Amino acid sequence: MQITLTINQQEKTFEIHPSDTLLKVLRREGYFSVKFGGCSEGECGSCTVLLDGIPVNSCCMLAAQADGHVVETVEGLGEHPEHGWKTSRGLHPIQQAMVESGAIQCGYCTPAMVLAAKSLLEKNPNPSETEVRDALSGILCRCTGYVKPVEAVLQAARYMRGEQPLSEENGDIIPVDWDTTNPSPEAPMSSEIPVVKTQTRITPKIWTHPDVVNTSVVGKPEKKVDAIKLVQGKPAFTDDIEMRGMLVAKVLHSPVAHARIKHIDVSKARALPGVAAVLTWQDIPRVVYSTAGQSDPIPGPLDTFSLDNKVRFVGDRVAFVAAETEEIAEKALQLIEVEYEELPAILDPALSMQPGAVQIHDEPEYVNFADSDPARNLAAKICIDIGDVEKGFAEADMIFEGDYEVPKVQQAHIEPHVVVTYWDEDDRLVIRTSTQVPFHVRRILSPVLGLPVKRIRVIKPRIGGGFGGKQEVLIEDVAAHLTIATGRPVRYEYTREEEFIAARSRHPMRIHMKTGVKRDGTITANEMYCLSDTGAYGCHALTVTGNTGHKAMALYVGDGVYRQSPNIRFYADVVYTNTPPAGAYRGYGVPQGYWAVERHMEKIARTLQLDPIEFRLKNALRAGELHPFSTAWSEGREPRPEVIHTVGLEECVRQGKSVIGWDEKFGNPDWHAIPGHPEIRRGIGVALVMQGTAIPYLDMGGASIKMNDDGSFNLLVGATDLGTGSDTVLAQMAAEVLGTSVENIIVYSSDTDFTPFDKGAYASSTTYISGTAVVKAAEQVAERIRIRAAEMLKQDEDIPPEKIRLADGKAISPDGRYVTHQEVAYHTLHHQNQEQIMGVASYFSPVSPPPFAAQFAEVTVNVETGAVTVDRLVMAVDSGVIVNPVTASGQIEGGMAQALGYAVSEEMVYDKKGRARERNLKDYHIFRADEMPVMDTIFVQTYEPSHPFGAKAVAEIPMDGVAPAVGNAVLDAVGVDIDANPITPEKVWRALRKKIMVNE
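Asker: It is not clear to me how the overall build of the protein should be interpreted in this structure. Could you clarify?
Answerer: A count of helices and strands for the protein gives 25 helices and 36 strands. Its C-alpha atoms give the protein a radius of gyration of 28 Å, near enough to 30 Å, the size a compact globule of 1000 residues would have. Each principal axis of the C-alpha distribution contributes one length, and for the protein these read about 80 × 80 × 60 Å. Surface exposure of the protein reaches about 35100 Å², of which carbon and sulfur atoms provide 49%. Mean positive and mean negative side-chain charge positions of the protein (98 and 133 charges, respectively) differ by 2 Å.

In structure tokens, the structure reads:
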């Protein structure tokens, strides 16, 4: 049928199929700002467009319904103001505000937010924060925590009203009132509860240690280098590409949790017109590998095949299809006939290693790593003893034991897993994929595909969120096998249901804690046993669970003689079950550990009637001390002793306590009660945490920098920016060394053909590892610039090159004379002794300096319903020197928002057949803009001597403390312990009823 749409003020006629959605038509016509979030009912909102000025979800609207209507996308809103001799009106005020406020992280949901804001501000030019949050509530964001997008819309409203834009330099930090009308009894508001949720400001609160040196570019809130293209909805992501003859891939997933494939008949599917290929385990080479995107040798078992004659979870792969259209591919899946021989399924990890349990991995090709033992369904085993734990327990006055549980949860990045594969003109396989680990993808897939590394090129475009879920070689082999089979380009993109049933998740764990303590609060021994469920495959099994102990148990070493020689034990069994595999998820095992450790510490402090913060600090690791696990654990490799040089934990506590008002609230019965609402109780809680920065002696990053004719620089890095702002941070460090501006650093990241090697974006390592490589390369370039400038500026006497100072795009001699970078570039490239000024460097670190943080939470609890409302989160973080306060605070805010879901609402549950309950973002609840608490970020800047600018990691630590801090706040409010998260109303209600029955 034919329809006519007016798109961005241009009338266009299209031939469509009656079943085509508006999203499908718009993307087919090149409006790539309209995104697919994997859903079909508009849950994520990334497909939002304006229809006659009203936001609608284009994924669940038929294109025919829009016939004759006006459609707006971000492509028609604004653009870069300069295009050579032609200029334009520039960005729309909303787009400009998004760029300036740091509201853009991965940028996948940004176009939808811009359009929703436009619709709001055209009707209401002076909205309250409530109204802004309501307008954005239909668009889910997993990156930002919504703080900066809300700030951006409020700032844009000022622009559009013709008012002076707010400026931090002018002292404009103006609170915006949160609407307090009609408070519900579930979450009452009073004059004592903060009514300000967002402040229209740019940078967070920063406390700085005297050792931190002032710099020109590093430490400044520079705009993200990719912000302008993302706010315009440019075709920057994997799926934003059209290729002639591209096929659509689909995968047939297993409907049973554990079975052998007795027979599979694909003849009807292959005969369907439009089907280009159908592949089963009989059609492709049988090569065992691991999907974990980690360095060689992968620290885990090899237990996976692209396709196998056995399925191990509901959602496991059975067959691959490539067809001309998605509809044909889906029809082909329905025509595949499979006969399964069902086997007993293990869904409870406690049953996995019992005698007589069915063996999940009985394939002869299985390759063990360390203590994996498939005969016992054991993917990994960890036994770490530090000091003399039994002696420590014997010397304790009291022993505390407790059991804790954490669920399987999903990364829920808004951009689904997506890949496009094709043969290039040199018969090399190109894999364009949304991955955190492009170089690992190439290496791991080489034997799987039967292609040498030199014939594989992996291109990483922008990533629409990853959070560890894309540190996995998860779908690239599907499209690649089909391209090999057909010779044609193939696109494979997960649906949201596939993300839940076939992607990765956080490892669910059951943890037992045992702690010996003297009456004065000195910890004499600390022990953790962890039963970790890796699911059907062992990807990341050892390393994730190792981090659970390595990071969480290392924080508390005891005091006095116990501080000098801590007694710590960490044992873990990582077992297979017939559930979807767990893998990497932001925090990488550490949030699980801190749920147990910090809930346990709170109970100990309260039983001993000690101040919970003083008790923690008394036993916490301090600067100058040995990391207790550094002599015992290094992700399956040889451990090496490491001294911790910077610990800003006490200052984090001081700053966090001050902002949240701890001293006025903790232990104050008047604050805990709410006048007029006897059913509501307030509570306040704390958790102290530490993380890590990269993996020592393993993680490596490379960088190259070359100088251009105009004095600008190309920075090529293998590091992967998945919305963290790492491209910007690396550009800032290069600009600092070279004495130029960020605008003069053109960043290219992650193309295995052109950029240097980098292990990828994980372990909070990019700023630290890749950043040091960038600095080393920049120093080489700076040295050549100084040498050439010294020649150019020489008069009667030589000028020592080391006396030349680089600043403001100039090379300046001691007497003040200078040449510009452009003049140096012309001199070297065109005029005399020509050379290409260029630097190439790489770096790996012998240490992993941990960041530290104090996390505070305020809650209100309804004792009649068990409902918990988190009212405020405050996090004070020691991440060393903060290279970019705006991007770093965005990481903290977004991390706290994700961790909040882990605390109170997110979990993945399976029935007795192993079938997932959660299959979409309606049933799996991540927080919306209008549901967020107040969030405050504070940076405590220390100077980490192992980094050229004193930086440590920032991206993962906000995941660690929110859940236990909320759990401790619930305990503070109503006196009950919830030891299995999430802290749902039902769990709280049952605990309160049990408490009442015990008291009666």
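There is more to say, and it comes next.
Asker: What exactly am I supposed to notice about helix H13 (residues 541-552) here?
Answerer: What sets the pattern is the α-helix's 3.6 residues per turn: residues three or four places apart point alike. The terminal C-alpha atoms of H13 lie 17 Å apart, and with 12 residues this matches the ideal 16 Å at 1.5 Å per residue to within 8%. Within H13, 12 of the 12 residues are buried, which leaves it mostly tucked inside the rest of the structure. Taken as a whole, H13 has its buried residues at Ala541, Leu542, Thr543, Val544, Thr545, Gly546, Asn547, Thr548, Gly549, His550, Lys551 and Ala552. At its buried positions, H13 is contacted by strand E17 (378-386), strand E23 (509-517), strand E24 (523-535), strand E25 (568-576), helix H15 (590-607) and strand E26 (680-690).

Asker: Which parts of the structure should I look at to understand unusual backbone geometry?
Answerer: Among all residues except glycine, the phi angle is most often negative; among peptide bonds, the trans geometry is most common. Omega for the bond connecting Asp296 with Pro297 falls within 30 degrees of zero, at -10 degrees, which places this linkage in the cis form. Its location among the elements puts Pro297 in the loop between strand E13 (275-279) and strand E14 (310-311). Residue Asn981 is joined to Pro982 through a cis peptide bond whose omega torsion reads 5 degrees. Along the polypeptide, Pro982 turns up in the loop between helix H24 (962-974) and helix H25 (985-999). Phi is positive for Ser750, close to 65 degrees, though the residue is something other than glycine. Relative to the helices and strands, Ser750 resides in the loop between strand E29 (745-749) and helix H21 (766-793).

Asker: Looking at this structure, I do not really get the packing of aromatic side chains. What am I missing?
Answerer: Two descriptors summarise a pair of aromatic rings, namely the distance from one centre to the other and the angle between the planes of the rings. As enumerated under the stated definition, the model contains 9 aromatic pairs in all. Their ring planes at 65 degrees and their centres at 5.7 Å tell us that Trp662 and Phe856 sit as a pair that is edge-to-face. Residue Trp662 is located in helix H18 (residues 662-665), and its partner Phe856 is located in strand E34 (residues 852-862); the two are separated by 194 residues in the primary sequence. Each member of the pair, Trp662 as well as Phe856, carries the same accessibility label: buried. An aromatic cluster of three or more residues is present, and its members are Trp662, Phe666 and Phe856.

Asker: Would you mind going over the packing of helix H3 (residues 110-123) against helix H4 (residues 129-136) with me for this structure?
Answerer: The relative placement of two packed helices comes down to the angle between their axes together with the axis-to-axis distance. Two numbers describe how H3 lies on H4: the axes approach to 9 Å, and their chain directions differ by 130 degrees. Judged by the inter-axis angle, H3 sits oblique to H4. Here H3 and H4 pass one another in a crossing that is right-handed. Where H3 approaches H4, its residues Met113, Ala116 and Leu120 are matched on the opposing element by Glu131, Val132, Ala135 and Leu136. Residue composition of the contact of H3 with H4, grouped by class: 6 nonpolar, no polar and 1 charged.

Asker: Just checking my understanding: could you explain the pairing of E13 for this structure?
Answerer: The two faces of a sheet get side chains in turn, since along a regular strand they alternate between them. With 4 of 5 residues buried, E13 is to be regarded as a mostly interior element. Taken together, the 4 bridges between E13 and strand E15 (residues 317-323) define a ladder with antiparallel strand orientation. Bridging from a neighbouring strand, Val275 pairs with Ala323 of E15.

Asker: Can you help me understand the sheet that holds strand E30 (residues 805-807) in this one?
Answerer: In a beta sheet, neighbouring strands are held together by backbone hydrogen bonds and run either parallel or antiparallel to one another. Strand order in the open sheet formed by 3 strands is E30-E31-E32, and the pairing between neighbours is antiparallel. Taken across any chain shown, the strands that pair with only one partner, and hence form the sheet edges, are E30 and strand E32 (818-820). Across this sheet, the average inter-strand angle for adjacent strands is 25 degrees, counted without regard to direction. Here 3 bridges tie strand E31 (residues 810-812) to E32, and the two strands are oriented antiparallel to one another. Note on E32: the bridge partner recorded for Ile812 is Tyr818.

Asker: Explanation requested: the environment of His417 in the structure shown.
Answerer: Examined against the element boundaries, His417 turns out to sit in the loop between strand E18 (398-406) and strand E19 (418-423). Accessibility expressed as a relative area gives 4% for His417, which makes it buried. Separated by 49 residues in the primary sequence, His417 and Gly466 have C-alpha atoms spaced 8.8 Å apart. Beyond its immediate sequence surroundings of up to four residues, His417 is in contact with Gly469, Lys470, Leu474, Ile475, Tyr492, Glu493, Tyr494, Glu499 and Ala503.

Asker: Can you walk me through the pattern of salt bridges in this structure?
Answerer: Within the structure shown, the criterion is met by 73 salt bridges. Ionic pairing is found between Arg563 and Glu625, a salt bridge with its closest N-O pair at 3.1 Å. Taken as a pair, Arg563 in helix H14 (residues 561-564) and Glu625 in the loop between helix H16 (612-619) and helix H17 (649-660) lie far apart in primary sequence, 62 residues in all. Like Arg563, the residue Glu625 is buried in the burial classification. Salt-bridge contacts for Arg788 lead to Glu791; the nearest nitrogen and oxygen are separated by 3.8 Å.

Asker: Would you explain the packing of H4 against helix H5 (residues 147-160) in this entry?
Answerer: Two numbers describe how H4 lies on H5: the axes approach to 10 Å, and their chain directions differ by 120 degrees. Put simply, H4 runs oblique to H5. Once H4 is placed against H5, the crossing between them reads as right-handed. Where H4 approaches H5, its residues Glu129, Val132, Arg133 and Leu136 are matched on the opposing element by Pro149, Val150, Val153 and Leu154. When grouped by side-chain class, the residues that make up the contact of H4 with H5 number 6 nonpolar, no polar and 2 charged.

Asker: Sorry, what's going on with the environment of Leu992 here?
Answerer: Examined against the element boundaries, Leu992 turns out to sit in helix H25. With relative accessibility at 6%, the residue Leu992 sits in the buried group. The spatial distance from the C-alpha of Leu992 to the C-alpha of Ile399 is 26 Å, given a sequence separation of 593 residues. With residues near it in sequence (within four places) discarded, Leu992 still touches Val863, Val974 and Val976.

Asker: What is the right way to look at the sheet that holds E29 in this model?
Answerer: Taken in spatial order, the 4 strands line up as E29-E28-E27-E33 in an open sheet, and their pairing is mixed. One side of each edge strand has no neighbouring strand; the edge strands of this open sheet are E29 and strand E33 (838-844). With strand direction ignored, the average angle separating the axes of adjacent strands in the sheet is 15 degrees.

Asker: Could you clarify how one ought to interpret the environment of Glu324 in this entry?
Answerer: The residue Glu324 is located in the loop between E15 and helix H8 (326-335) in this model. On the basis of relative accessible area, Glu324 is assigned to the partly exposed category, the value being 36%. Placed 75 residues apart in sequence, Glu324 and Ala249 show a C-alpha to C-alpha distance of 9.0 Å. With near-sequence residues (within four places) excluded, Glu324 lies in contact with Met246, Leu247, Val248, Gly274 and Arg488. Looking at Glu324, its side chain comes within polar contact range of the side chain of Arg488, at 2.8 Å.

Asker: How should I be thinking about H25 in this particular structure?
Answerer: The end-to-end C-alpha distance of H25 is 21 Å, a good match for the 21 Å that 15 residues give at a rise of 1.5 Å each. Those residues of H25 that sit buried are Val988, Ala991 and Leu992. Considered in projection along H25, the buried side chains sweep an arc of 100 degrees and stay on one side of the axis. The exposed residues of H25 that point more than 90 degrees off its buried face are Arg990, Lys994 and Met997. Of the surrounding elements, those touching the buried residues of H25 are E34, strand E35 (868-878) and H24.

Asker: Would you explain the side chain of His253 in this entry?
Answerer: Along the chain, His253 falls in strand E11 (residues 247-253). The buried category is assigned to His253, whose relative accessible area is 17%. Within the local environment of His253, its side chain forms a polar contact with the backbone oxygen of Gly315, the two atoms lying 2.8 Å apart. Among the polar contacts listed, one links the side chain of His253 to the side chain of Glu498, at a separation of 2.7 Å. Once residues within four sequence positions are removed from consideration, His253 is found in contact with Gly315, Asp316, Val318, Tyr492, Glu498, Ile501 and Ala502.

What counts as what
Residues numbered from 1 in each chain as written. Predicted model: local features only at pLDDT ≥ 70, side-chain atom pairs only at ≥ 80, totals over all residues. Heavy atoms only, no water. Helix = DSSP H or I, 4+ residues; strand = E, 2+ residues; numbered from the N terminus. Rg over C-alpha atoms; globule rule 2.2 N^0.38 Å. Areas by Shrake-Rupley, 256 points an atom, 1.4 Å probe, with all protein chains shown as cover. Lys, Arg positive; Asp, Glu negative; His and termini not counted. Charge placed at Lys NZ, Arg CZ, Asp CG, Glu CD. Expected span 1.5 Å × (residues − 1). Buried < 20%, exposed > 50% of the residue type's maximum accessible area, 1.4 Å probe, protein only. Contact = heavy atoms within 4.5 Å. Phe/Tyr/Trp six-rings, centres within 6.5 Å; stacked < 30°, edge-to-face > 60°. Axes fitted to C-alpha atoms, helices over the stretch in contact; angles between N-to-C directions. Parallel < 35°, antiparallel > 145°, perpendicular 65-115°, else oblique. Left-handed = near helix turned anticlockwise from the far one by under 90°. Nonpolar A, V, L, I, M, F, W, Y, C, P; charged D, E, K, R; others polar. Pairing = 2+ DSSP bridges. Salt bridge = Lys/Arg side-chain N within 4 Å of Asp/Glu carboxyl O. Polar contact = N/O pair within 3.5 Å; in protein donor to acceptor, adjacent residues only side chain to side chain. Arc of directions from axis to C-beta.

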